[in-house]
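Here's the letter readout for the chains.
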Amino acid sequence: MTGRVRTRDVPWGIRFLQNLTDKCSISCNAYYREFGYKALIAALTFAAYTCFHMCRKPLSVVKAVLHRNCSALTPPGDIPIYDNATWCDWAPFNGTDASSSQMLGELDSAFLFSYAFSMFVSGFIAERVNLRYFLSLGMLLSGIFSYMFGMGKILNIHVLSFYLTSQIFAGIVQTSGWPGVVTVMGNWFGNSKKGFLFGVWNCHTSIGNILGTLIAAAFVEHNWAYSFIVPGAIMGLVGFILFLFLVATPEDVGIVSSDVENQEVQRRLTERSLLIPTGSEQEKEVAIGFFGALTIPGVIEFSLCLFFAKLVSYTFLYWLPLYVNSSTTLGVSASADLSTLFDVGGMMGGIAAGVLSDNTGMSATVCTGMLTIAAPFMLLYQSLGAMSLGTNVILLLIVGGLVNGPYALITTVVSTELGTHSSLEGNSKALATVTAIIDGTGSIGAAIGPLLAGFVSNYGWQNVFYMLIVSDILALLLLSRLTKNEILKSRLVRRRFSD
């Protein structure tokens, strides 16, 4: 009786490297071969998701020039006097402060809501298609729609629907990113302790935000079109590299993972395949459905927690440059540069959360602890951040770490652990679906946060921070049951060892 035969997908770039290695008579043992592939996969998926976030960030920087106080600037001589108040704005964002803020909020929402609801479909698709093609095509299309938004400036387009359409389709195609990269990483790195690994790897989110901010800031005051065109071009190029070199699973290049838990999963799958006649309709592993994924213990709690955690994170992501600009004496570019410190803190927070999770095995408790401390520090930042540049820098780093640490942990370590939960009995067709449910639910919160901030900011920025603090508290309350169970389990284990 033979097992299932799986068609291998070896990318063209990998075939070239394999041929080059053979010709050079370079040999290495299985460990170093696997290590080389893992390093390549980690680097490619890191670069890919860096690009996804790089293309999301420019709008938060460009907002400050689409609508601003033009009376403080000197208009060209051919601008009529009655247009002085709005001469520097970009129509259709040249109305009143309230109407322009609403339109800018609609741009955020167009992307984020289309992203959130498309994510559930994307996870379903990702379990059933070739992930290399899925990710590469998603990156190419994401680059095109970023480029399209920037072309609105070059082509002198002043119709709101054009920019909304660009944002909607960008949101849809960007959903290929997260289920794709997390599933590929899960395929290669298994379910062993990897909090530190994923903490470092998840820095792609913050690095993408920083790169997107710096690129946008470099062009925003001269020609904001290139704030979108340049990231879009980089995204397309990296997508092509991914198409040439990404190996979705170890089996595609004939590797049996050295990871102990991966080997156990593979053993169960092999045993199951030996019981099923080759060629039967039952030999295909069935991808888990949406409702089946919801029954996995912890999926609902972490999904709802991420709803509020991502609401807070993405409100900072989309509105922080504008808040810094309005609350300090810094200009548009300087405010954008300063806002990147939130993401620097986010990288440190993600790594810290991963290390704590590895050492304690208590992911929910780690998230709860960081969320508890985040609330008072957000209030401190709103109250004291404008006092001095040094205070702003320190508080931004701390808030960034505390806000993004739980978000990073849930979307990486927690998602892969739940996607390979013991209740699945070795079914490998669940990771993308679970990841999409968790991140999709979180993305709905990410869509609502910036939209609410656009309205609430009209009544004072302090009210925006109150909204974020309430959301943070709700996020930690949603993990209370899981946190309680982890603490009780930890105490029980300590008692056994002490006995």
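Residues numbered from 1 in each chain as written. Predicted model: local features only at pLDDT ≥ 70, side-chain atom pairs only at ≥ 80, totals over all residues. Heavy atoms only, no water.

Asks: Tell me about the overall build of the chain, and name the residues and values.
Replies: For the chain, the count of helices and strands is 19 helices and zero strands. Relative to its 499 residues, the chain shows a buried fraction of 55%. If you take every contact in the chain between residues at least 6 apart in sequence, the share linking residues at least 24 apart comes to 83%. Entry remark: accessible area of the chain is about 21500 Å², with carbon and sulfur atoms responsible for 67%. (Helix = DSSP H or I, 4+ residues; strand = E, 2+ residues; numbered from the N terminus. Buried < 20%, exposed > 50% of the residue type's maximum accessible area, 1.4 Å probe, protein only. Contact = heavy atoms within 4.5 Å. Areas by Shrake-Rupley, 256 points an atom, 1.4 Å probe, with all protein chains shown as cover.)

Asks: Before we move on, could you go through the pattern of salt bridges and cite the residues and values that matter?
Replies: Enumeration over the complete set of coordinates arrives at four salt bridges. The salt bridge involving Lys310 is made with Asp439; its shortest N-O contact spans 2.7 Å. Of this pair, Lys310 sits in helix H13 (residues 299-327) while Asp439 sits in helix H17 (residues 431-456), placing them 129 residues apart in sequence. On the basis of relative accessible area, Asp439 is assigned to the buried category, the value being 2%. (Salt bridge = Lys/Arg side-chain N within 4 Å of Asp/Glu carboxyl O.)

Asks: Talk me through the side chain of Thr45; I want residue IDs and the actual numbers.
Replies: Position of Thr45 among the secondary structure elements: in helix H2 (residues 30-56). A relative accessible area of 1% means that Thr45 is categorised as buried. Among the polar contacts listed, one links the side chain of Thr45 to the backbone oxygen of Ile41, at a separation of 2.8 Å. Residues contacting Thr45, with those up to four places away along its chain left out, are Val181, Val184, Met185, Trp201 and Leu246. (Polar contact = N/O pair within 3.5 Å; in protein donor to acceptor, adjacent residues only side chain to side chain.)

Asks: Mind laying out the packing of H13 against helix H18 (residues 461-478), listing which residues take part and the relevant values?
Replies: Between H13 and H18, whose axes approach to 8 Å, the crossing angle comes to 160°. The orientation of H13 relative to H18 falls into the category roughly antiparallel. Of the two possible hands of crossing, H13 and H18 adopt the one that is left-handed. For the pair H13 and H18, contact is made by Glu301, Leu304, Cys305, Phe308, Ala309, Leu311, Val312, Thr315, Phe316, Trp319, Tyr323 and Ser326 and by Trp461, Val464, Phe465, Met467, Leu468, Ser471, Asp472, Leu474, Ala475 and Leu478, respectively. Tallied by class, the residues present in the contact of H13 with H18 amount to 17 nonpolar, three polar and two charged. (Axes fitted to C-alpha atoms, helices over the stretch in contact; angles between N-to-C directions. Parallel < 35°, antiparallel > 145°, perpendicular 65-115°, else oblique. Left-handed = near helix turned anticlockwise from the far one by under 90°. Nonpolar A, V, L, I, M, F, W, Y, C, P; charged D, E, K, R; others polar.)

Asks: Report on H18, specifying residues and quantitative values.
Replies: In a regular helix each residue adds 1.5 Å, so 18 residues correspond to 26 Å; H18 covers 26 Å between its end C-alpha atoms and thus fits that length. Restricting attention to buried positions, one finds in H18 the residues Trp461, Val464, Phe465, Met467, Leu468, Ile469, Ser471, Asp472, Ala475 and Leu476. (Expected span 1.5 Å × (residues − 1).)

Asks: Describe a nonpolar patch on the surface, with residues and values.
Replies: Together, Val121, Phe124, Ile125 and Val129 line one region of the surface with nonpolar side chains, adding up to about 330 Å² of accessible area. Mapped onto the fold, Val129 is located in the loop between helix H4 (97-126) and helix H5 (131-154). (Patch = residues over 30% accessible without salt bridge, like charges linked within 9 Å, V, L, I, M, F, W, Y side chains within 5 Å.)

Asks: If you had to explain the packing of H13 against H17 to someone new, which residues and values would you point to?
Replies: Where H13 meets H17, the closest approach of the two axes is 6 Å, and the angle between their N-to-C directions is 40°. In terms of axis orientation, H13 runs oblique to H17. In this structure, H13 crosses over H17, and the sense of that crossing is right-handed. Its residues assigned to classes, the contact of H13 with H17 shows 16 nonpolar, eight polar and two charged.

Asks: How would you summarise the packing of aromatic side chains if you had to cite specific residues and measurements?
Replies: For the coordinates displayed, the defined rule picks out 28 aromatic pairs. Residues Tyr381 and Phe465 carry aromatic rings whose centres are separated by 6.1 Å and whose planes lie at 50° to one another, so their mutual orientation is tilted. Of this pair, Tyr381 sits in helix H15 (residues 363-384) while Phe465 sits in helix H18, and the two are 84 residues apart along the sequence. These aromatic residues form a ring-pair network of at least three members: Trp90, Phe93, Phe149, Phe162, Tyr163, Trp224 and Phe228. A cation sits over an aromatic face here: Lys63 above Trp319, 3.8 Å from the ring centre. Here Arg132 stacks its cationic end above the ring of Tyr133, 4.8 Å away from the centre of that ring. (Phe/Tyr/Trp six-rings, centres within 6.5 Å; stacked < 30°, edge-to-face > 60°. Lys NZ or Arg CZ within 6 Å of the ring centre and 35° of its normal.)

Asks: For the environment of Phe145, give the residues involved together with the corresponding values.
Replies: Its place among the elements puts Phe145 in helix H5. For Phe145, a relative accessible area of 16% gives the class buried. Separated by 83 residues in the primary sequence, Phe145 and Phe228 place their C-alpha atoms 9.1 Å from one another.

Spatial relationships are all this shows, so hold off on functional conclusions.
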